[in-house]
Amino acid sequence: MKLNRILATAAVLVAFPAAAFANDPPSSMEDVGYIFTTLLFLMAGFLVFFMAAGFAMLEGGLVRSKNVAMQMIKNIALFSIAAIMYWLVGFNTMYPGDFNGFFAIGGPTVLDPVGIGSDAAALDYASIGSDFFFQLVFVAATASIVSGAVAERIKLWPFLIFVVVLTGILYPISGSWQWGGGWLSEAGFSDFAGSTVVHSVGGWAALAGAIILGPRIGKYKDGKVHPMPGSNLALATLGTFILWLGWFGFNGGSQLAMGTVGDVSDVSRIFANTNMAAASGAVAALILTQVLYKKPDLTMVLNGALAGLVSITAEPLAPTLFGALWIGAVGGIIVVFAVPMLDKFKIDDVVGAIPVHLFAGIWGTIAVIFYGEASLGTQLLGIAAYGVFTFVGALVLWGILKATVGIRVSEEDEINGLDMAELGMEAYPEFSKG
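Residues numbered from 1 in each chain as written. Predicted model: local features only at pLDDT ≥ 70, side-chain atom pairs only at ≥ 80, totals over all residues. Heavy atoms only, no water.

Caption draft 1: Region of interest: the overall build of the chain. Summing up its helical and strand segments, the chain has 15 helices and 2 strands in all. Structurally, the chain occupies a C-alpha span of about 70 × 50 × 50 Å along its principal axes. Among the 434 residues that make up the chain, the fraction classed as buried is 51%. In the chain, of all internal contacts separated by at least 6 residues, the share reaching a separation of at least 24 is 79%. Of the roughly 18,600 Å² of accessible surface on the chain, a fraction of 70% belongs to carbon and sulfur atoms. Both charge centroids of the chain, one from 19 positive and one from 29 negative side chains, sit 18 Å from each other. (Helix = DSSP H or I, 4+ residues; strand = E, 2+ residues; numbered from the N terminus. Buried < 20%, exposed > 50% of the residue type's maximum accessible area, 1.4 Å probe, protein only. Contact = heavy atoms within 4.5 Å. Areas by Shrake-Rupley, 256 points an atom, 1.4 Å probe, with all protein chains shown as cover. Lys, Arg positive; Asp, Glu negative; His and termini not counted. Charge placed at Lys NZ, Arg CZ, Asp CG, Glu CD.)

Shown next, in the form of C-alpha cells:
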C-alpha cells in the first residue's frame, strides 16, 4: 500500500511539470525561480489582502453599534483608494530604481506585456504584477491602522482625503528609504517585513489624528476614564483570527524568493516564528490582565496577539522559536500597559491601534539587534526618521483638513451615531430606537 502511494506521488510529480509548462517550458533554473517567486507573491498577497477583512471585523466589533456601518465603508473605501493611489504614484515612488536622493515621485505602474517570455522577464526576481500587488496590500494595511484609532468621531470624506495622501505620498516616500534601497537601507537599518515601515507608520499617523481630533464625547469626564464597550466582541475575535492568518502572508511573503530549497525552508521558519509570537503575545496579555485586574480582558488578549505579530515582523526569520516567544510576549505586555497610559494623556484610541502598531512596532524594530545583524544605533535612527517624518507630516495634513473642511462630526451627530449622520443607514437597523 505504501509503495503504491509512493508510485502515485511520483507519477503526479512527473506529469505536473509537463502539463504546467506545456505552452512555455522553463529553459533554466532561473525560469523556475521566477515562476515560484511570482507564485509566492500572489499567494502571500491574497493572504495579506484578507487582512483588510480582518481590520474591518476587528473595528466593527470594537466600535459601538451606531458606528459599525461607518467603519465598514471606511475600510472598503480605504483599500480601494490605496489600490488606485499605489498604481498612480505610490509603487514607483517607493521603488525608484537607481535614484539615490531623498525621494522621487514616480509615475503610474506599468505591468509586464501579455504573454511575456523568458527573454524579457526579470528572471532574477518576479513579475511586475505580482510584486505590485504584494506591495499594495501592505500600504492598505497602513491606512487600516489609522481607521480604527480615529473611529466614532471623524467625518468620512476628510478621512478619505487623508488616505489619498498617506497611501500615495507619505508611505511610499518613507518606504523608499528602506525597501526602495534608500538612505536608511544604506545605513544598515533592518526591517524585514515592516514593524516600522508599515506598522509604526500607521501608528504615527493614527497618533497624530487622535491628538488633532480629540477624544470621544464622554470618554474622559470628571477626571475618570469611562469605558465605551464595543458592539460585538465575537466579531472582533473573528477579525483578530483573520489578521493572524493574513500575517503568514505578510511575513512569509517578505522572504521575497521561493526559488531554492533554502528559500522555501526559510518561509516555513517565518511561518512558525510568526505563529509563536502571536500565541505568546496573547498568553502574556491573558496572564497579565488576570494579575492586574483579577479577571482576563478579552480585548487586551486580542490586541496582545496582534502586538506579538507586530513585534516579530521586523525580524521573523532569524530568531529561534523561543526567541519568537519572548519577543511576542513583550509585545503583549506592552499593550496591557500602553492602553491605560494613553488614557492618562487623554488620547482616545478606539481599538488600541497605537499601542499595537506603534509601540509594539518600535519594540520589534529594536528587538532585531538580538538576532539580526543591525546595530542599536541604526535601528533607533530608523525609528526616529520614520517617526518624525510621518508624525509631523500627518499632523500637518490633519491640521490642514481641520482648518479647511473640518474633520470632526458635530456633537449631535456623534451622539446619534455616524451611521445615520454620515451614511443615512445603520448596520443593525432592527435594534435601533423606535
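Caption draft 2: Focus on helix 11 (residues 321-344). Under the 1.5 Å per step criterion, the end-to-end length of helix 11 is 36 Å for 24 residues, consistent within 8% with the ideal 34 Å. Most pronounced at A338, the bend in helix 11 amounts to some 25°, and the proline P340 follows within four residues. Within helix 11, burial applies to G323, A324, I327, G328, A329, G331, G332, V335, V336, A338, L342 and D343. Structurally, helix 11 contributes buried residues whose contacts are with strand 1 (220-221), strand 2 (224-225), helix 9 (261-293), helix 10 (298-313) and helix 12 (353-371). K346 lies just past helix 11 and shows a positive phi near 60°. (Expected span 1.5 Å × (residues − 1). Bend = angle between axes of the 7 residues up to and from the residue.)

Caption draft 3: The arrangement of the packing of aromatic side chains in detail. Tallied over the full model, the rule gives 22 aromatic pairs. On the basis of an interplanar angle of 80° and a centroid distance of 6.0 Å, the ring pair of F138 and W179 is categorised as edge-to-face. Here W179 lies in the loop between helix 5 (156-178) and helix 6 (183-187) and F138 lies in helix 4 (residues 128-149), a separation of 41 residues in the sequence. A single burial state applies to F138 and to W179, both of which are buried. Ring centres of W326 and W363 lie 5.9 Å apart, and the angle between their planes is 55°; this geometry places the pair in the tilted category. In this pair, W326 sits in helix 11 while W363 sits in helix 12, placing the two residues 37 residues apart along the sequence. (Phe/Tyr/Trp six-rings, centres within 6.5 Å; stacked < 30°, edge-to-face > 60°.)

Caption draft 4: Region of interest: the nonpolar core. F138, Y171, W247, F250 and I354 are the most contacted members of the largest nonpolar core, which totals 71 residues. Sorting elements by how many residues they give to this core places helix 4 first, with 10 residues. Each residue touching F250, except ones within four places of it in the same chain, is listed here: V48, M51, F134, F138, A141, A193, V198, H199 and T313. Counting 28 residues, the second-largest nonpolar core is a separate cluster that includes L213, A394, V409 and L418. (Core = buried A, V, L, I, M, F, W, Y, C linked by side-chain atoms within 4.5 Å.)

Caption draft 5: Structural detail: the environment of M341. Of note, M341 is situated in helix 11. As a C-alpha pair, M341 and P355 span 14 residues in sequence and 9.5 Å in three-dimensional space.

Caption draft 6: Geometry of the pattern of salt bridges. Under the counting rule described, the total for this entry stands at 4 salt bridges. Among the ionic pairs, R64 bridges to E152, the shortest N-O distance being 3.2 Å. With R64 in the loop between helix 2 (29-62) and helix 3 (68-94) and E152 in the loop between helix 4 and helix 5, the pair connects residues that are 88 residues apart, well separated along the chain. Linking R216 and D348 is a salt bridge whose minimum nitrogen-to-oxygen distance equals 2.7 Å. Pair noted here: R216 is in the loop between helix 7 (195-213) and strand 1 and D348 is in the loop between helix 11 and helix 12, with a separation of 132 residues, a long-range link. (Salt bridge = Lys/Arg side-chain N within 4 Å of Asp/Glu carboxyl O.)

Caption draft 7: Layout of the confidence of the model for the chain. Overall, the predicted model of the chain reaches an average pLDDT of 93, with 92% of residues at or above 70. Throughout residues 5-22 the model reports pLDDT below 50, and contacts reaching past four residues in sequence, or to other chains, amount to 3 contacts. (pLDDT = per-residue confidence, 0-100.)

Caption draft 8: Spatial organisation of the packing of helix 10 against helix 11. The contact between helix 10 and helix 11 brings their axes to 7 Å, and the two run at 130°. By the angle between their directions, the pair helix 10 and helix 11 is classed as oblique. In this structure, the crossing between helix 10 and helix 11 has a hand that is right-handed. Where helix 10 approaches helix 11, its residues M300, N303, G304, A307, G308, S311 and I312 are matched on the opposing element by A324, I327, G328, G331, G332, V335, V336, V339 and P340. (Axes fitted to C-alpha atoms, helices over the stretch in contact; angles between N-to-C directions. Parallel < 35°, antiparallel > 145°, perpendicular 65-115°, else oblique. Left-handed = near helix turned anticlockwise from the far one by under 90°.)

Caption draft 9: Quick peek at the environment of G364. Locating G364 in the fold gives a position in helix 12. With 55 residues separating them in the primary sequence, G364 and L309 have C-alpha atoms 9.2 Å apart. What G364 contacts, discounting residues up to four positions off in sequence, is S195, S311 and A314.

Caption draft 10: Quick look at unusual backbone geometry. Positive phi, normally seen in glycine, also occurs at E152, with a value near 75°. The phi dihedral of L256 falls on the positive side, at around 65°, and the residue is not glycine. Following the sequence through the fold, L256 ends up in the loop between helix 8 (233-252) and helix 9.

Caption draft 11: Representation of helix 9 within the structure. The end-to-end C-alpha distance of helix 9 is 48 Å, a good match for the 48 Å that 33 residues give at a rise of 1.5 Å each. Directly beyond the C-terminal end of helix 9, a positive phi value near 70° is found at K294.

Caption draft 12: Local environment of the environment of V198. Structurally, V198 is set in helix 7. Exposure remark for V198: the relative accessible area of 0% places this residue in the buried category. Note: C-alpha distance between V198 and T313 (115 residues apart in sequence) is 9.8 Å. Filtering out sequence-adjacent residues up to four positions away, V198 remains in contact with F138, T142, I145, Y171, W179, A193 and F250.

Caption draft 13: Quick look at a nonpolar patch on the surface. A cluster of nonpolar residues, I35, F36, L39, M43, F46, F49, F50 and L245, forms a patch on the protein surface that exposes about 670 Å² of accessible area. Ranked by residue count, the leading element in the nonpolar patch is helix 2, at 7 residues. As for its position among the elements, I35 is in helix 2. On the basis of relative accessible area, I35 is assigned to the partly exposed category, the value being 31%. (Patch = residues over 30% accessible without salt bridge, like charges linked within 9 Å, V, L, I, M, F, W, Y side chains within 5 Å.)

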